[in-house]
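Here are the chains, one letter per residue:
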Amino acid sequence: MGATQDMITDSRNGRSKNRILIVDDHPFIIQGYKNAITRFKPDQFEFIIEQAKDCESGYNIITNTETEAFDIAFLDISMPSYEEKGIFSGEDLARLISEYMPNCKIILLTMYTELLKIETLIKTINPSGLVIKNDLTFDELIFAFDKVIKGDNYYSKSVIKMLRQSQTEIIKIDQFDKQILFHLSKGTDINDMTQYIPISISAIKQRKIKLKELLEVVDGSDFDLVKEAKNKGLLF
């Protein structure tokens, strides 16, 4: 699949055509986004909107060879995962979009307010927009959409406030670590994790030890590890 084309102007009505993807597991939120988008400068823009309700349906749309590249994607961070393909959140979908549609502008939306997680999202995903859902109003969504469609970045007020706080060291974990944490949260026995994670049992055990050190729960249980990972925004 090729990169997103520049926004196309329909010569019949002079409006710019834009393809939009919305992925969220709450139908009423999707409808709210659609209502705002379709009312945005209707004399200048025409929007073709596709929607998905979870990581699996989002994955299927993005990777479908018949799907035309999107111009803008709205992705909720916390959604039902697609474990089979290693897609555990909107963050993973964002990486997938960057691979399949590198020119697509990504707007991430989340309820999480951990500074560590916000910093990590900005560093690893570098989204065009990052919005804390509690900041979101109809007018705020329109303002964010206007900035992003013009090529600017938009961070909601809570994101800006957090970034102004004292900076903390970003905890870095890879996909294997994320999968280990995910399966620990589901109660999967560590000896059974090789069915889902393509590394050895010994490697999984060593990684769990390192994760406990990283999150400062060396003497804690797996429950403590999972709890601290959620507190740090590393697990949803």
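This write-up is about the structure you can find in this document. Not measured: the values here are computed from a predicted model.

So, about the overall build of the protein. Scanning the protein for helices and strands turns up 9 helices and 7 strands. Computed over the C-alpha atoms, the radius of gyration of the protein is 19 Å, within 12% of the 18 Å expected from 2.2 N^0.38 for a compact globule of 236 residues. If you line up the protein on its principal axes, its C-alpha atoms span 65 × 40 × 30 Å. The buried share of the protein, taken over its 236 residues, is 47%. A total of about 12100 Å² of accessible surface is found on the protein, and carbon and sulfur atoms cover 47% of it.

Quick look at the environment of Ser89 now. When you line up the elements, Ser89 lands in the loop between β4 (72-76) and α3 (90-100). By relative accessible area, Ser89 is classed as buried at 2%. For the pair formed by Ser89 and Asn231, sequence separation is 142 residues and the distance between their alpha carbons is 16 Å.

Leu21, Leu75, Leu93, Ile97 and Leu108 are the most contacted members of the largest nonpolar core, which has 32 residues in total. Mapped onto this core, the elements with two or more residues apiece are β2 (16-23), α2 (55-63), β4, α3, β5 (105-110), α4 (115-124), β6 (129-132) and α6 (157-163). If we ignore the near neighbours within four places in the chain, the residues touching Leu75 are Val23, Gly90, Leu93, Ala94, Ile97, Ile106, Ile107, Leu108 and Leu109. Counting 21 residues, the second largest nonpolar core, distinct from the first, contains Ile20, Leu141, Phe145 and Ile149.

Here the focus is the pattern of salt bridges. Inspection of every chain in the model, using the stated rule, returns 14 salt bridges. Between Glu91 and Arg95 there is a salt bridge whose closest N-O contact spans 2.9 Å. Note that Glu91 and Arg95 are positioned in helix α3 at a spacing of 4 residues, about one turn of the helix. With relative accessibility at 30%, the residue Arg95 sits in the partly exposed group. Put simply, Arg207 and Asp174 hold a salt bridge, and the shortest N to O gap is 2.9 Å. Taken as a pair, Arg207 in helix α8 (residues 201-214) and Asp174 in the loop between α6 and α7 (175-185) lie far apart in primary sequence, 33 residues in all.

Time to look at α8. Helix length check: α8, at 14 residues, gives a terminal C-alpha distance of 20 Å against a target of 20 Å (1.5 Å per residue), a fit within 8%. Among the residues of α8, Ile204, Lys208, Leu211 and Lys212 are the ones counted as buried. Down the axis of α8, the sector holding all buried residues measures 100°, keeping them to one side. Buried residues in α8 make contact with α7 and α9 (222-231). Just downstream of α8, Glu216 is the residue with a positive phi angle, here 60°.

So, about the pairing of β2. In terms of burial, β2 is a largely internal element, 7 of the 8 residues being buried. Where β2 meets β4, 4 bridges bridge the pair, whose relative direction is parallel. Across the sheet, the residue bridging to Ile22 is Phe74, located in β4.

How each quantity is defined
- Residue numbering note: each chain is counted from 1, following its sequence as written.
- Local features in a predicted model are, by the rule used here, given only for residues with pLDDT of at least 70; side-chain atom pairs are given and counted only at 80 or more, and totals for whole chains, interfaces and linings are based on all residues.
- Hydrogens and water are ignored here; the side-chain numbers use all heavy atoms of the structure.
- Elements are defined by DSSP. Helices are runs of H or I of four residues or more, strands are runs of E of two residues or more, and each kind is numbered from the N terminus.
- With the radius of gyration taken over C-alpha atoms, the globule rule is written as 2.2 Å times the number of residues to the power 0.38.
- Under the scheme applied here, a residue whose accessible area is under 20% of the maximum for its type counts as buried, over 50% as exposed, and between as partly exposed, the area being computed with a 1.4 Å probe on protein chains only.
- What sets the accessible areas is the Shrake-Rupley method with a 1.4 Å probe; for residues, cover comes only from the shown protein chains.
- Nine residue types can take part in a nonpolar core, namely buried Ala, Val, Leu, Ile, Met, Phe, Trp, Tyr and Cys, and a core is a set of them joined through side-chain atoms within 4.5 Å.
- Any two residues whose heavy atoms approach within 4.5 Å at even a single point are treated as in contact.
- Throughout this description, the term salt bridge denotes a Lys or Arg side-chain nitrogen within 4 Å of a carboxyl oxygen of Asp or Glu.
- By definition here, a helix of n residues has an expected span of 1.5 Å times n minus one.
- Of all possible arcs, the one meant is that of the directions from the helix axis to the C-beta atoms.
- Should DSSP find at least two bridges between two strands, the strands are regarded as paired.

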